[in-house]
Amino acid sequence: MCKENCVRTRFAPSPTGFMHVGNLRTALYACLLAHSSKGKFVLRIEDTDQARYVDGAVDVIYATLKAANLIHDEGPDVGGDYGPYIQSERKALYKEYALELVKKGGAYYCFCEKSEEETEGAGNADPADDPCRAIAPEEAEKLAASGKSYVIRQKIDRTGVTTFSDSVFGDITIENKVLDDQILLKSDGMPTYNFANVIDDHLMAITHVVRGSEYLSSTPKYNLLYQAFGWDIPTYVHLPLIMGRNADGEVAKLSKRHGSVSFENLIADGYLAEAIVNYIALLGWSSKSDREIFSFSELEELFSLSGLNKSPAVFDYDKLKWMNAEYIRQLSVEDFASRAKSYAKIEGTPLEENWLKLASLLQQRTELLTEIPEKIAFLLEQPEYTIDMFNNKKSKCTPETAKDILLEMREKFAAMESADAEKITALLTACAEARGVKLGQPMWAVRIALSGTPVTPGGPGEIMELLGMPESMRRIDNALAKL
RNA sequence: GUCUCCAUCGUCUAGAGGCCUAGGACACCGGGUUUUCAUCCCGGCAACACGGGUUCGAAUCCCGUUGGAGAUGCCA
């Protein structure tokens, strides 16, 4: 059991309805960091933006974490000693702290209208110009009590510098004059992300704040808040951004225009959850060995802050695909079959009862589960084909030889009680030997007759097993009619 | 605009002054095995952004330049 000095990390997504892989990676590292030292991994829902509320979004978060094997020790669904873990349920808390900060002189009421200008070149407004800063606290309180709409802003002393240390990026110093009096409490009474984060991370005893590097430049504001409250500053672990490549070759923060960027989209694209997790683990972190395939427990064991990288990483779908293929090949046939079944779209077709056999043929040649339907389409319905397809240079097959072979094999097959891949292959081998040709020739002729496709998972024997004797004979007769 | 960060093959990365004529992986290109395809095996292409220092010695340290990214919301 982890007592006082244990590592506590948190994952604090806002319920948007989908899980961006960048967020998932943040969650992964936070989880690995905690669990690699017997610490606690906390899930907190950041739903302070009511305008963005999406129904069922929290369930997506639970489902994704579960599918990705990121088990949280505390959270809305599993409880814990630091709840509630949903920010909207902590609303009153933030106001208390905001008011406390006002009392301490670290914040002030602001009655200004929402600013809608803020064009380019802005962002440099001197907060000291904010007239509300000058309003006497008693006066401000009175105004607020009278029902006038207000926000509470952080009062930042614009002199001097703030330096902080990040475990990935090292020491960073920022001049306080570039910091603005950010809003802490919105006019609807909800805290802003920045404020709620500080309050909750402190209250939930978070020791390591793991987040994307886009927060690097606002970190001084966080620290000023911690200081104003007299709280300890957590250890920061800022992560390099995950980028995507634009059509014009430029890179930018990975977003929808780059392709599938959410966990659920990637799953829908035919990637395995384990492959996705393994791949994103390597986007910004290295084990410093030549290995790239890691099971989840190996990641938990090997993960360390020192392997974290500073520079942004471009998401490479090709490499993910390769890794996915590696994971697919590692699966047992049964596991592969059950995971691939829904992608294969074979419910209610004759293939359903032979699915395990078909799956065993598919497993070694599938990179994405979504490729399966097109690979097996010919089994359900033979595509149109011309006799030209019987031509094959390598095996020296021509429509003429194919006809000859099919005529011969048709009789042999007809004598069989049922389709048996081994026997069929033996028959074809004998045929090739008798003719003094390579096995490839009769194989080709029969494959085309059965499938009308040059590339098939498995050979003629397997195809006949899958098709069954009657359909196989029908297709061969069909071919013979063409020839 | 301002601030901050980053900078090794096309991409992900190893490299923490000599072990580097820079290693691995993906992708790509050849070749081999194989009943097609795929797998598998072998081989190839391909990088220290640039310029100054420091040092006997720099991909590694320092400075500058250039390039890229992020931030600059009553979004998170």
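Preceding block: the structure.
Parameters and conventions
- Residues numbered from 1 in each chain as written.
- Chains lettered and ligands numbered in written order.
- Predicted model: local features only at pLDDT ≥ 70, side-chain atom pairs only at ≥ 80, totals over all residues.
- Heavy atoms only, no water.
- Near = heavy atom within 4 Å.
- Polar contact = N/O pair within 3.5 Å; in protein donor to acceptor, adjacent residues only side chain to side chain.
- Helix = DSSP H or I, 4+ residues; strand = E, 2+ residues; numbered from the N terminus.
- Nonpolar A, V, L, I, M, F, W, Y, C, P; charged D, E, K, R; others polar.
- Phe/Tyr/Trp six-rings, centres within 6.5 Å; stacked < 30°, edge-to-face > 60°.
- Lys NZ or Arg CZ within 6 Å of the ring centre and 35° of its normal.
- Core = buried A, V, L, I, M, F, W, Y, C linked by side-chain atoms within 4.5 Å.
- Buried < 20%, exposed > 50% of the residue type's maximum accessible area, 1.4 Å probe, protein only.
- Contact = heavy atoms within 4.5 Å.
- 1 Å grid on protein atoms, 1.4 Å probe; cavity = no way out; pocket = protein on both sides within 12 Å on 5 of 7 lines; lining within 4 Å.
- Points joined across faces, edges and corners; volume = space filled by probe spheres on them.
- Axes fitted to C-alpha atoms, helices over the stretch in contact; angles between N-to-C directions.
- Parallel < 35°, antiparallel > 145°, perpendicular 65-115°, else oblique.
- Pairing = 2+ DSSP bridges.

Draft legend 1. Molecular detail of the protein's contact with RNA strand B. Thr-48, Lys-186, Ser-187, Glu-292 and Arg-365 are the nearest of the 61 residues found near RNA strand B. For RNA strand B, the fraction of protein-proximal atoms (within 4 Å) that sit in sugar or phosphate groups is 70%. For RNA strand B, a base oxygen lies 3.2 Å from a polar atom in the side chain of Arg-52. If you list the elements that add at least two residues to the surface near RNA strand B, you get strand E6 (170-175), strand E10 (242-245), strand E11 (251-253), strand E12 (313-314), helix H10 (317-330) and helix H16 (440-451). Classifying every residue of the surface near RNA strand B gives 24 nonpolar, 16 polar and 21 charged.

Draft legend 2. Inspection of the packing of aromatic side chains at higher detail. Following the criterion strictly, the structure yields 14 aromatic pairs and no others. Taken together, the ring pairs in this structure connect Tyr-29, Trp-285, Phe-294 and Phe-303 into an aromatic cluster. Lying across the ring of Tyr-222, Arg-211 places its NZ or CZ 4.3 Å from the centre. Between the NZ or CZ atom of Lys-256 and the centre of the ring of Phe-18, over which it lies, the distance is 4.5 Å.

Draft legend 3. Spotlight on the nonpolar core. Grouped together as the largest cluster of nonpolar side chains are 101 residues, with contacts concentrated most on Leu-70, Phe-315, Trp-355 and Phe-413. Among the elements that line this core, the one with the most residues is helix H1 (residues 21-35), at 10 residues. For Phe-413, the residues in contact, after removing those within four places along its chain, are Ile-424, Leu-427, Val-446, Met-464, Met-469, Met-473 and Ile-476. Judged by nonpolar contacts, the second largest core, of 40 residues, contains Tyr-108, Cys-110, Cys-132 and Trp-231.

Draft legend 4. Examining the environment of Thr-9 more closely. By secondary structure assignment, the location of Thr-9 is in strand E1 (residues 8-11). Considering only alpha carbons, one finds Thr-9 and Leu-184, 175 residues apart in sequence, at a separation of 23 Å. With near-sequence residues (within four places) excluded, Thr-9 lies in contact with Ala-30, Cys-31, Leu-33, Ala-34, Lys-40, Phe-41, Val-42, Ile-206 and His-208.

Draft legend 5. Seen up close, the layout of surface pockets. Its volume calculated, the largest pocket comes out at about 1100 Å³. Around the largest pocket, the lining is made up of 39 residues, and of these Pro-13, Ser-14, Thr-16, Asn-23 and Tyr-215 lie nearest the centre. Among the elements that line the lining of the largest pocket, the one with the most residues is H1, at four residues. Within the lining of the largest pocket, the residues separate by chemical class into 16 nonpolar, 12 polar and 11 charged.

Draft legend 6. A look at the packing of H1 against helix H8 (residues 273-281). One way to put it is that H1 packs onto H8 with a least axis distance of 10 Å and a crossing angle of 80°. By the angle between their axes, H1 is roughly perpendicular relative to H8. Each of Val-21, Leu-24, Arg-25, Leu-28 and Tyr-29 in H1 lies in contact with H8, whose residues at this interface are Ile-276, Val-277, Ile-280 and Ala-281. Classifying every residue of the contact of H1 with H8 gives eight nonpolar, no polar and one charged.

Draft legend 7. Expanded view of the environment of Val-198. Of note, Val-198 is situated in helix H5 (residues 193-203). The buried category is assigned to Val-198, whose relative accessible area is 0%. When the C-alpha atoms of Val-198 and Leu-225 are compared, they prove to be 7.4 Å apart, with 27 residues separating the residues in sequence. Residues in contact with Val-198, not counting those within four places in the same chain, are Tyr-222, Leu-225, Tyr-226 and Trp-231.

Draft legend 8. Summary view of the sheet that holds E12. As summarised here, the arrangement of the three strands in space is E11-E10-E12, forming an open sheet in which the pairing is mixed. Among the strands making up the open sheet, the edge pair consists of E11 and E12. Note that E10 and E11 share three bridges and pair antiparallel. From the neighbouring strand, Gly-244 faces E11, where its bridge partner is Ala-252.

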